[in-house]
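# Coordinate analysis (summary)
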Amino acid sequence: MIKAILIFNNHGKPRLIRFYQYFAEDMQQQIIRETFHLVSKRDDNVCNFLEGGSLIGGSDYKLIYRHYATLYFVFCVDSSESELGILDLIQVFVETLDKCFENVCELDLIFHMDKVHYILQEVVMGGMVLETNMNEIVAQVELQNRMEKSEVQVWASI
Amino acid sequence: MALKIVKGSIDRMFDKNLQDLVRGIRNHKDDEAKYISTCIDEIKQELKQDNIAVKANAVCKLTYLQMLGYDVSWAAFNIVEVMSSSKFTYKRIGYLAASQCFHEGTDVIMLTTNQIRKDLSSPNQYDTGVALTGLSCFVTPDLARDLANDIMTLMSHTKPYIRKKAVLIMYKVFLKYPESLRPAFPRLKEKLEDPDPGVQSAAVNVICELARRNPKNYLSLAPLFFKLMTSSTNNWVLIKIIKLFGALTPLEPRLGKKLIEPLTNLIHSTSAMSLLYECVNTVIAVLISLSSGMPNHSASIQLCVQKLRILIEDSDQNLKYLGLLAMSKILKTHPKSVQSHKDLILQCLDDKDESIRLRALDLLYGMVSKKNLMEIVKKLMLHVDKAEGTTYRDELLTKIIDICSQSNFQYITNFEWYISILVELTRLEGTRHGHLIASQMLDVAIRVKAIRGFAVAQMATLLDNAHLLTGNTQRNGICEVLYAAAWICGEFSEHLEDPMQTLEAMLRPKVATLPGHIQAVYVQNAAKLFATVLRKHDGETESQAAQETSQLLIDRLPLFVQSANLEVQERASCILQLVKYIQKLQQKNVEVAEEVTALFAGELNPVAPKAQKKVPIPEGLDLDAWINEPPSESESEDEKPKAVFAKEEPKHSRSRHTEVDEKELARRREVRKQEQANNPFYIKASPSSQKVYDAPGVEHIPVVQIDLSVPLKVPGMPMSDQYLKLEVERRQKEKAERKKKEKKKKREKRGKERKADSGPESEEDITPAHQVDIVTEEMPENALPSDDDDKDPNDPHKALDIDLDKYVPYCRHLQFIHVLHIIKPTVYWFPFQKSSKHKKKKQKKEKEEKEKKKKKRHHHHHQHHSDAGGEDSVQNGTVEEEEPLPVSQSHSVSLKQEVKVYDIQGNHQDESKVVVSVIFENKSDSFLKSMEFNVLDSLNSKLQRPEGAGAHDSLTVPFQLPPGVSNEARFVFSVQSIIMPQKLKGTLTFIVKSDESSTHEKLDFKLHFTCTSYLITTPCYSDAYAKLLESGDLKGSSLRLEGINMPFHHLLARICFHHHFSVVERIDSCASMYSRSIQGHHVCLLVKTSDQTVSIDAKCDEPSLLGNVLDEIKQTFSKC
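Residues numbered from 1 in each chain as written. Chains lettered and ligands numbered in written order. Predicted model: local features only at pLDDT ≥ 70, side-chain atom pairs only at ≥ 80, totals over all residues. Heavy atoms only, no water.

## Details of the overall build of chain A
Looking only at helices and strands, chain A features 5 helices and 7 strands. Counted over contacts in chain A with a minimum sequence separation of 6, partners at least 24 positions apart contribute 50%. With the model as given, the accessible surface of chain A reaches about 6200 Å², and the carbon-plus-sulfur share is 51%. (Helix = DSSP H or I, 4+ residues; strand = E, 2+ residues; numbered from the N terminus. Contact = heavy atoms within 4.5 Å. Areas by Shrake-Rupley, 256 points an atom, 1.4 Å probe, with all protein chains shown as cover.)

## Details of the sheet that holds strand E1 (residues 2-9) of chain A
All names here are of chain A. Pairing is antiparallel in the open sheet, where 5 strands are placed in the order E2-E1-E5-E4-E3. The sheet is open, and its two edges are formed by strand E2 (14-19) and strand E3 (49-51), each paired on a single side. Here the strands of the sheet are splayed against their neighbours by 15° on average, with no regard to which way each runs. As paired strands, strand E4 (residues 62-68) and strand E5 (residues 71-77) are joined by 7 bridges and run antiparallel to one another. (Pairing = 2+ DSSP bridges. Axes fitted to C-alpha atoms, helices over the stretch in contact; angles between N-to-C directions.)

## Details of the interface of chain B and chain A
For interface size, the figure often reported is the accessible area lost on association. Across the boundary between the two partners, chain B contributes 66 residues, which contact 59 residues of chain A. For the chain B face of the interface with chain A, the top three residues by lost area are Met67(B), Arg92(B) and Trp236(B), together amounting to 13%. Put simply, chain B and chain A have 8 salt bridges between them. Notably, a salt bridge pairs Arg42(A) with Asp353(B), separated by 3.4 Å at the nearest N-O pair. Taken together, chain B and chain A are joined by 33 residue pairs in polar contact (both at pLDDT 80 or more). A per-element tally of the side of chain B that touches chain A places helix H6 (residues 88-101) of chain B first, with 9 residues. Of the residues contributing to the side of chain B that touches chain A, the split by class is 29 nonpolar, 18 polar and 19 charged. (Buried area = accessible area lost by both parts, 1.4 Å probe. Salt bridge = Lys/Arg side-chain N within 4 Å of Asp/Glu carboxyl O. Polar contact = N/O pair within 3.5 Å; in protein donor to acceptor, adjacent residues only side chain to side chain. Nonpolar A, V, L, I, M, F, W, Y, C, P; charged D, E, K, R; others polar.)

## Brief notes about the pattern of salt bridges
Oppositely charged side chains can pair when the atoms bearing their charge come close. Applying the stated criterion to the full structure yields 40 salt bridges over all chains. For Asp150(B), the salt bridge goes to Arg117(B), with nearest N and O atoms at 3.5 Å. Here Asp150(B) is found in helix H9 (residues 141-154), whereas its partner Arg117(B) is found in helix H7 (residues 113-120), with 33 residues between them in sequence. Take Asp150(B) and Arg117(B): they sit in the same class, and that class is buried. The structure contains a network of salt bridges with shared partners spanning Asp60(A), Asp78(A), Glu209(B) and Arg212(B). (Buried < 20%, exposed > 50% of the residue type's maximum accessible area, 1.4 Å probe, protein only.)

## Some details on the packing of aromatic side chains
One pass over the structure, following the stated rule, counts 16 aromatic pairs over all chains. Taking the centre distance of 5.6 Å and the plane angle of 65° together, the rings of Phe102(B) and Phe138(B) count as edge-to-face. With a gap of 36 residues between them, Phe102(B) in the loop between H6 and H7 and Phe138(B) in helix H8 (residues 125-138) connect regions that are remote in the sequence. The structure contains a cluster of three or more aromatic residues connected by ring pairs, namely Phe8(A), Phe36(A), Tyr65(A) and Tyr72(A). A cation sits over an aromatic face here: Lys3(A) above Tyr61(A), 4.1 Å from the ring centre. A cation sits over an aromatic face here: Lys258(B) above Phe226(B), 5.9 Å from the ring centre. (Phe/Tyr/Trp six-rings, centres within 6.5 Å; stacked < 30°, edge-to-face > 60°. Lys NZ or Arg CZ within 6 Å of the ring centre and 35° of its normal.)

## Quick notes on the packing of helix H5 (residues 76-83) of chain B against H6(B)
All names here are of chain B. H6 packs onto H5 with a crossing angle of 145° between their chain directions and a minimal axis gap of 7 Å. When the axes of H5 and H6 are compared, the crossing they make is left-handed. Along its contact with H5, which presents Ile79, Val82 and Met83, the element H6 presents Tyr90, Lys91, Gly94, Tyr95, Ala97, Ala98 and Cys101. The residue makeup of the contact of H5 with H6, split by class, is 8 nonpolar, 1 polar and 1 charged. (Left-handed = near helix turned anticlockwise from the far one by under 90°.)

## Regarding a nonpolar patch on the surface
A cluster of nonpolar side chains, namely Ile617(B), Leu621(B) and Leu623(B), defines an oily patch on the protein surface of about 310 Å² accessible area. By the element assignment, Ile617(B) lies in the loop between helix H33 (593-598) and helix H34 (635-638). (Patch = residues over 30% accessible without salt bridge, like charges linked within 9 Å, V, L, I, M, F, W, Y side chains within 5 Å.)

## A short note on H8(B)
All names here are of chain B. Taking 1.5 Å of rise per residue, 14 residues should cover 20 Å, and H8 covers 20 Å from first to last C-alpha, within 8% of that figure. Along H8, 14 of the 14 residues are buried, which leaves the element largely enclosed by surrounding structure. The N-capping residue of H8, defined by a side-chain oxygen 2.8 Å from the backbone nitrogen of Tyr126, is Asn124. (Expected span 1.5 Å × (residues − 1).)

## Some remarks on the sheet that holds strand E3 (residues 927-936) of chain B
Residues and elements named next belong to chain B. Ordered in space as E5-E3-E7-E8, the 4 strands form an open sheet in which the pairing is antiparallel. Each having just a single partner strand, strand E5 (955-956) and strand E8 (998-1009) make up the two edges of the open sheet. Pairing geometry for strand E7 (residues 982-993) and E8, over 12 bridges, is antiparallel. Bridge pairing in E8 links Thr987 to Asp1004.

## Quick notes on unusual backbone geometry
Residue Ala69(A) is not a glycine yet carries a positive backbone phi of 45°. Topologically, Ala69(A) is positioned in the loop between E4 and E5. By relative accessible area, which is 69% here, Ala69(A) ends up exposed. Unusually for a residue other than glycine, His1060(B) sits at a positive phi of about 60°. For His1060(B), the location among the structural elements is in the loop between helix H42 (1048-1059) and strand E11 (1062-1067).

## As for the environment of Gly477(B)
Residue and element names in this part refer to chain B. Here Gly477 lies in the loop between helix H27 (466-470) and helix H28 (480-491). Residue classification places Gly477 among the buried residues on the basis of a relative accessible area of 17%. Contact partners of Gly477, with chain neighbours within four places excluded, come to Thr431, Gly434 and His435.

## Quick word on the confidence of the model for chain B
Averaged over every residue, the pLDDT of chain B is 75; the share at 70 or more is 73%. In the predicted structure, residues 682-718 of chain B sits below a pLDDT of 50 and forms 49 contacts with residues beyond four places in sequence or in another chain. (pLDDT = per-residue confidence, 0-100.)

## Things to note about the packing of H28(B) against helix H30 (residues 516-536) of chain B
All names here are of chain B. With their axes 8 Å apart at the nearest point, H28 and H30 run at an angle of 15° to one another. In terms of orientation, H28 lies roughly parallel with respect to H30. Crossing hand, H28 versus H30: left-handed. Each of Glu480, Leu482, Tyr483, Ala486, Trp487, Cys489, Gly490 and Glu491 in H28 lies in contact with H30, whose residues at this interface are His517, Ile518, Val521, Tyr522, Asn525, Lys528 and Leu529. (Parallel < 35°, antiparallel > 145°, perpendicular 65-115°, else oblique.)

## A word on the pairing of strand E14 (residues 1093-1100) of chain B
Residue and element names in this part refer to chain B. With 6 of its 8 residues buried, E14 lies for the most part within the structure. Judged from the 7 bridges that link them, strand E10 (residues 1035-1041) and E14 form a sheet pairing that is antiparallel. Bridge pairing in E14 places Ser1038 opposite Asp1097. Bridging between strand E13 (residues 1082-1090) and E14 involves 8 bridges; their strand directions are antiparallel. Counterpart to Val1083 in the pairing with E14 is Cys1100. Count of turn residues in the E13/E14 antiparallel hairpin: 2 residues, of which Asp1091 carries a positive phi of about 50°.

And the structure:
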């Protein structure tokens, strides 16, 4: 199970947070801060696993992250997930974002947090991996966007 | 209306959308909080508008603010509004917001049930998808219970997109509502072989999660997974399955043996590192589970270790890390194969990556032996020096101590060396682990008697150089060590060379800057030292030294008497007074040493923390036995005391008495044991308490005086390295001696077998430098080992520990249905349940004709109802039992076939269909097959038969029943009118196959649908309810019940439970209730009560339905 997915930038500003277990808002912010603190002091050439922070998880949990340019993608997972598998999943997620936003950059995530959420929803659902095939994910996301567009047109034509 | 929309859209042009909000926040970096608070005010205004587009926009912005840490739960109701929009665009926004901020404590969540149900059954797959995704994040036990069936249906949806989501969310439903696991499991299992790989992967995912928590229940799926493993090409699925096997193998070693080969093949063939790694992991798990039974898997171990070495040597840090992680698993069972890679692991200690260093440290912990401990620790000490001022250094420190102290100092051959290491560690600046070092010092000094002399000398130097430790003000962590040093010097002061000097060191004014608890120890131990000094000078008359010591204490102690710390103050003033008194005595030349020493007499022994718990019950003590005579079981025993008064021969009576007692007691003990075994409240003795644990004796270990030849050069800074050299020299010397001896022997036994001694010295060859007496923690004699099971009682997965293969007692089913019952019309039906009148008749009959058909009566139904609603056993929608049919003599087989309808459900989407679930249970000893189920259709209700079948054809039950087995089949009925209760006659025909013959048998039954069973509990809001009543479409009717003697809320609960109503509003002794039929009839009740009289005013758009429902309600209450 995935317990949480956090995306924040090099300064620790959250760009997307998705907890699959309830934490109150202030706790969520603390977790982001702690995770950022743990992750940001690591060099880029060290391994991408971290034995979980004190706030989130416990001994069974791991932080698995990837660092892309200005953004950190952090997944907090338990031992039922394969470490390398999750790393691949992060890659799939980011590539999907890249496809959907065409050359994704931090600004896309800043201004379209909702869309990023919708894409993520096609990858992970309720803490479990839903789909790993990028083409399938992109297809579903596009179909839904098209539906949204058609609704907007209907609305505009009234 | 159109105007309103236009107006809304114009308003909207001036609203900020999400992008504007983000831009605004970025432009107000200086006063972000202020800006956001004005934005929130705007959002509040927007939420007040009727336009759903505006609301959705506002909710979208709130979702963003939630990410920034703002609590937006105040808008929960608006989120629900947006969720229920008919437009996908807005619905999606609503569900996203809900999934981000709803949780079990959100009260509006209960308003969403119907909306979610509607979305789940929407024709648009994305509406369903969005609802499933949202629900997966905020599902509560209530939602799970109410929606379990809807989601279960979606598992068979035509679109794989929905199927896979429905399958995944089932796991969340199981967690919140464990009862749903059993009915859903068969379908879940089916999905393992779904044609769509995504659905298959989802099913594997869910089962893996389930099995990880309760693996034993899923062992039976192993063959299926095995098949998947050998056939699937999806790496994700493979990884999950292989991980699952890792969890299953410990339970079933045979599975492990089967797995080795395909896994080895995968290891050789796959190019995906992730898959390779998981394969290696599972092979390790298999090997661990086999390690006891099958030693012949060295090839597999070698393969794993080899592959892991490749991973560790890889330049990719991730692989390196995982390699080390897996290595540590092998280490536990096959330490030898890992130890040969010590070089590699020590290399990893130099890695720049802290995670990797920590993993390598973990490995080292398991790799040490007597032989290499010193060497490894020396390496670690080097790293300690390098890693100044980091948390990693603290980690190193704890690891060094862990490594050395593991399994009761098993690997330490030279405790002088260990003490030196500890003393060296005290040089660390700013460590948090002073107390850890201190406790090690104390532990070693107390438990290793032979080392005390050396330890005390070291501690004395430490105390003398205490200023080095406390030099900087902010180095408070390490000064904990002084606590240990002071205590050791005091307690074992007889080993001190110069107690006077140490005493002086302990009373320096600087000590007053130490933390209070350390000062307190200083003061107390100063007193001990004082006693020692006195003792030393015992016998010398007018000893100058003794008097000087007293004076020293009297001079220095007042400093401590002034301490702000109460403990220090108290101890100091006590001791000060004592010393003053002693000084007086000394001046009178009185011998005091003896008395003063007596103050601190007695040896200290370590006691295990669990010692008290483990005190065994002495033999002959029976805690179950009565101390006095037990209260009599029979009348005659009661009268015994009288007999004593009646001048019986006392001696005789007593002896007879005891004789009886022994036999009686034995018998009673047996009876009592039986009783206790059956009494769930009696805490039984655990079976493990039978074993007897031999506390290792201490006496037989010889204690050898240590040779204190090692000179201490630097005060307080002994060099542990010397020991390494010494140790090597010592071992070489020993080896040489051994060789000599062996040579001698060989010379003596020339010609006999030759021993190869060129190999490396083995573990056993290493003898400790000093024979040390490691005092184990004291345990009571014959202590009983106890393994405390520390399972977390709050683990949600515990509830999912359900054995899915075993047939469950019915009550389990009923519990599940019982809950469903509230949601959907349910009919319980036990065709062979006799009313009491029939029972008697039947029993008589049975006596007469024993050969005849026997039927078991079951009362689960009653039990179930009494669980839920008091003692009544009224059944709604119960099917009337068949009158016992006159049975012909020809029935020679005793039949115990049983048929139960356990559930009749209306379908929301289809107003004319009802699903009836029937459980067939074979209670006979014969095999039943070719079962055919048939019902005589009425005009109104028809059994749905496959196309092409005639109107009277039977339906074949799709299974056979071996003896004692039960299974469930579902039949669909179409119902036209639901306004009247209905009865259907039916028959079940089947073939009974015994060893010799097979006969054709038949069972008749009747199926009874009550009107109540067509009602669906539907929540209704009071405003909607009021509108409904005002509309005037409903026709009224009323009912009066007399002599109802129950609390009002019980009455309401009963109506809700038995007749599927929900309470809309309740004011004092008056309540309005609502329900809806599957065909959409509204039924409204107004229930009032006063003085045992209940009046029900009812309204419904269908008068005859209402009449029947009221009759059924009346019946419910007439039976109580």
